[in-house]
Amino acid sequence: MRRKLIAGNWKMHNTLPEARALMHGIRERLDTSRAVDVAVFPPYTLLYPMGKEIAGTPIQLGGQNCHYERKGAFTGEISPAMLVAAGCTCVLVGHSERRHIFAEGGDLLSRKVTAALDAGLHVIYCVGEKLEQRQAGQTEHVIGRQCSEAIHAELDASRITLAYEPVWAIGTGHNATPEQAQAAHQFLRSRIETVFGPHVAAQMRIVYGGSVKSSNAAGLLAQPDVDGALVGGACLDAAEFAAIMAAAAAGSAGVLAR
Ligand code: PGA
């Protein structure tokens with residue numbers, strides 16, 4: 001069975017005192033039964049101190065982005081090896097803000113995925129269509145293309161998670177309905193099956209992101225192909241984030257009990 005993953009993408013938020021307070025709040029509310037995997041993605045400057053804050057807990061630390069080279073003259077960039085050295089076990093690649101604000105395209109993202117996996121990181125590779133693409137009926141075409149641009153059979157699938165994040169749902173308060181999320185996740189799982197075969201497709205986690213909050217998490221997480229959530233705005237509030245973790249844990253307990 002796929003364990004649910006609740007991941008908090010802090011984006012460009014929090015100074016050190018704010019981050020410590022948030023992490024304290026998350027730790028206090030952490031479900032120690034560990035029915036759910038939890039990861040946080042703070043800004044680079046907070047990775048070391050947050051690594052210390054989560055020491056001894058099951059919370060994973062991740063980077064929000066990385067470069068594809070190990071080192072070199074790349075002003076302003078961070079390598080996968082640097083993330084590992086800072087205590088990260090995972091990294092986001094291809095978040096829609098990287099794609100659409102910073103114009104990161106398929107070739108670049110493919111190199112990042114490969115480099116991050118080579119460095120030993122677990123990759124959360126994000127895909128998602130824009131509103132006009134959904135309205136034009138191009139959702140599967142777009143997310144299928146984004147998937148095949150970076151995910152291929154030579155990669156270690158056991159360290160890849162997909163995130164379906166429709167661009168129109170990110171930071172807007174308008175989440176995809178559970179049915180829309182399920183349809184996209186089912187489609188992505190079928191693409192993974194084409195690349196890696198049915199065993200890997202059954203194992204790979206596909207998480208949903210886009211305006212996830214405590215009030216909609218349970219419905220989204222109840223979908224059979226929704227294996228967790230990548231949470232932006234709501235993860236900056238420890239009580240909200242904890243309520244989403246609790247919704248995932250309750251759903252997992254239900255599955256286990258059946
Ligand atoms: P949001 O962000 O929850 O604020 O919509 C999600 C994300 O960008 O990962």
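Structure: see above.
All of the points below concern the structure found in this document. All values derive from a computational prediction rather than experimental measurement.

**Some words on the site of the ligand**
And step 1. Close to the ligand lie 13 residues; Lys11, His95, Glu165, Gly171 and Ser211 are nearest.
And step 2. Within the backbone of Ser211, one N or O atom sits 2.7 Å away from an oxygen atom of the ligand.
And step 3. Gly233 is positioned such that a nitrogen or oxygen atom in its backbone is 2.8 Å from an oxygen atom of the ligand.

**A word on helix α1 (residues 16-28)**
And step 1. Between its first and last C-alpha atoms α1 spans 18 Å; for 13 residues at 1.5 Å apiece the expected length is 18 Å, and the two agree.
And step 2. Burial in α1 covers these residues: Ala19, Leu22, Met23, Gly25 and Ile26. End-on, the buried residues of α1 take up no more than an arc of 155°, which puts them together on one face. Along α1, the residues that are exposed and aim more than 90 degrees away from the buried face are Pro17, Ala21 and Glu28.

**What about the packing of aromatic side chains?**
And step 1. Going through the model one piece at a time under the given rule, you end up with one aromatic pair.
And step 2. Centre to centre, the rings of Tyr164 and Tyr208 are 6.3 Å apart; their planes meet at 50°, and the pair counts as tilted. With Tyr164 in strand β6 (residues 160-164) and Tyr208 in strand β7 (residues 206-209), the pair connects residues that are 44 residues apart, well separated along the chain. In terms of burial, Tyr164 and Tyr208 fall into one category: buried.

**A few points about the nonpolar core**
And step 1. By size, the foremost hydrophobic cluster in this structure holds 69 residues, and its most contacted members are Ile6, Tyr125 and Leu162.
And step 2. No other element matches the eight residues that helix α11 (residues 238-257) contributes to this core.
And step 3. When near neighbours in sequence (up to four residues on either side) are disregarded, Tyr125 contacts Val93, Arg99, Leu109, Val113, Gln146, Cys147, Ala150, Ile151, Thr161, Leu162 and Ala163.
And step 4. Of all hydrophobic cores here, the second largest spans eleven residues; its members include Ala39, Cys90, Cys126 and Ala163.

**Section: the pairing of β7**
Sheet faces and side chains relate simply in a regular strand, where the side chains alternate between the two faces.
And step 1. A two-sided burial pattern is seen for β7, the buried positions comprising Ile206 and Tyr208 on one face and Val207 and Gly209 on the other.
And step 2. Sheet topology note: the β6/β7 ladder contains three bridges and is parallel. The residue of β7 that forms the bridge with Ala163 is Val207.
And step 3. The pairing of β7 with strand β8 (residues 228-231) spans two bridges and is parallel. Bridge pairing in β8 places Tyr208 opposite Ala229.
And step 4. Between the parallel elements β7 and β8, the chain passes through helix α10 (residues 214-221) in a crossover that is right-handed.

Rules and cut-offs
- Residues numbered from 1 in each chain as written.
- Predicted model: local features only at pLDDT ≥ 70, side-chain atom pairs only at ≥ 80, totals over all residues.
- Heavy atoms only, no water.
- Near = heavy atom within 4 Å.
- Polar contact = N/O pair within 3.5 Å; in protein donor to acceptor, adjacent residues only side chain to side chain.
- Helix = DSSP H or I, 4+ residues; strand = E, 2+ residues; numbered from the N terminus.
- Expected span 1.5 Å × (residues − 1).
- Buried < 20%, exposed > 50% of the residue type's maximum accessible area, 1.4 Å probe, protein only.
- Arc of directions from axis to C-beta.
- Phe/Tyr/Trp six-rings, centres within 6.5 Å; stacked < 30°, edge-to-face > 60°.
- Core = buried A, V, L, I, M, F, W, Y, C linked by side-chain atoms within 4.5 Å.
- Contact = heavy atoms within 4.5 Å.
- Pairing = 2+ DSSP bridges.
- Right-handed = clockwise from strand over helix to strand, strands pointing away.

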